[in-house]
Amino acid sequence: MTKDSYLVGLIGSGIGPSLSPALHEREAERQGLRYLYRLIDIDVVGVEPEAVGDLVRAARDLGFDGLNITHPCKQLVIPHLDGLAPQAEALGAVNTVVFEADGRAVGHNTDVTGFAASFARGLPDAPLERVVQLGAGGAGAAVAHATLTLGAGRVTVVDALPERAAALADALNGHFGEGRAAAATPDRLSGLLADADGVGGLVHATPTGMAAHPGLPLSADLLGPGLWVAEVVYRPLETELLRTARDLGCATLDGGGMAVFQAVDAFRLFTGREPDSARMLADIAELAGAVPARK
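Description of the pattern of salt bridges
Taken as a whole and assessed by the stated rule, the structure comprises 15 salt bridges. One salt bridge connects Arg26 with Asp283, and the closest N-O pair in it is separated by 3.2 Å. On the criterion of sequence distance, the pair formed by Arg26 in helix 1 (residues 20-30) and Asp283 in helix 11 (residues 277-287) is long-range, its members being 257 residues apart. A relative accessible area of 23% places Arg26 in the partly exposed class. You can call Asp283 buried: its relative accessible area is 0%.

Below, the structure is given as structure tokens:
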């Protein structure tokens, strides 16, 4: 028999501002479900990221149905799980844990599918021959996988830490085939974006532009109307990068779609029910302050 009551949570650091609880609980209420989404902030609890395994076990013992996992625990949680879905295994990162009926904890990654769905919806005709990605962290790994899954010819990963960019490029080539990914340092951005002009665009996957990290992640002089720009940051939805790119004539994609579609996939995994992505897109626009609150 289908359940109508769920207890889920989010484990991570500094997650107080997360919109995940509201996104999940609003959609659950519309579907007539009792659905509690709890934040388990390791900073508040006072434990190190390596304690994620203990937190997962405690959540299972307390009757949670599942968990979302965010920075800095997406890789650290893997040894503490009983199995991985193919997407999470390929990526080497987990953002969703489902506690199955037999008690097994299975890891999934809905960041990849979330970005892919958002991109396909928001930039359906964008050329993907050459894609430049700024950022090789956890979000960067997910969106690079998604971009190549969507059919990108080549993704060049640019990061201030050369070894991190190189490791991600090697992993991508191992999964998608040699030559599909490359690594580069920020001083090469100008040439890379010039080469992508008219045949690709820029994916931004660093924290720059968030409320706590305002500003541009690169010089505005490097952007032009022949490039599209996709953002991962969703608070605010309108980052300085997106505003600048739009003013220069670029097609743009904000980070709200990725936040929503990863939540859509996680909600489906937790409940077995189909969420309404259109309603949830409207929710995030409101919650992130892009539109006035509904009466």
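Read on for the rest.
Regarding the pairing of strand 8 (residues 154-158)
Counting buried positions along strand 8 gives four out of five residues, so the element sits mostly inside the fold. Sheet analysis places strand 7 (residues 130-134) next to strand 8, joined by five bridges and oriented parallel. Paired with Arg130 across the bridge in strand 8 is Arg154. Each parallel crossover has a hand, and for strand 7 linked through helix 6 (residues 138-149) to strand 8 it is right-handed. Relative to strand 9 (residues 181-184), strand 8 runs parallel, the two being bridged by four bridges.

Observations regarding the packing of helix 6 against helix 7 (residues 162-176)
Where helix 6 meets helix 7, the closest approach of the two axes is 11 Å, and the angle between their N-to-C directions is 35°. Like other packed secondary-structure pairs, helix 6 and helix 7 cross with a definite hand, here right-handed. Contact residues: helix 6 offers Gly140, Ala141, Ala144, His145, Leu148 and Thr149, while helix 7 offers Leu168, Leu172, His175 and Phe176. Grouping the constituent residues of the contact of helix 6 with helix 7 by class yields six nonpolar, four polar and no charged.

A word on the sheet that holds strand 2 (residues 34-41)
With respect to topology, six strands assemble into an open sheet ordered 2-1-3-5-6-4, the strand pairing being mixed. Either end of the sheet is taken by a strand with one partner, and the two such strands are strand 2 and strand 4 (83-84). Two strands pair when backbone bridges link them, and strand 5 (residues 96-99) and strand 6 (residues 105-108) are joined in this way by four bridges, in the antiparallel orientation. The partner of Thr96 across the bridge, within strand 6, is His108. Against the sheet, helix 1 touches strand 2 and strand 3 (66-69), its axis set at about 170° to strand 2.

About the cut-offs
Residues numbered from 1 in each chain as written. Predicted model: local features only at pLDDT ≥ 70, side-chain atom pairs only at ≥ 80, totals over all residues. Heavy atoms only, no water. Salt bridge = Lys/Arg side-chain N within 4 Å of Asp/Glu carboxyl O. Helix = DSSP H or I, 4+ residues; strand = E, 2+ residues; numbered from the N terminus. Buried < 20%, exposed > 50% of the residue type's maximum accessible area, 1.4 Å probe, protein only. Pairing = 2+ DSSP bridges. Right-handed = clockwise from strand over helix to strand, strands pointing away. Axes fitted to C-alpha atoms, helices over the stretch in contact; angles between N-to-C directions. Left-handed = near helix turned anticlockwise from the far one by under 90°. Contact = heavy atoms within 4.5 Å. Nonpolar A, V, L, I, M, F, W, Y, C, P; charged D, E, K, R; others polar.

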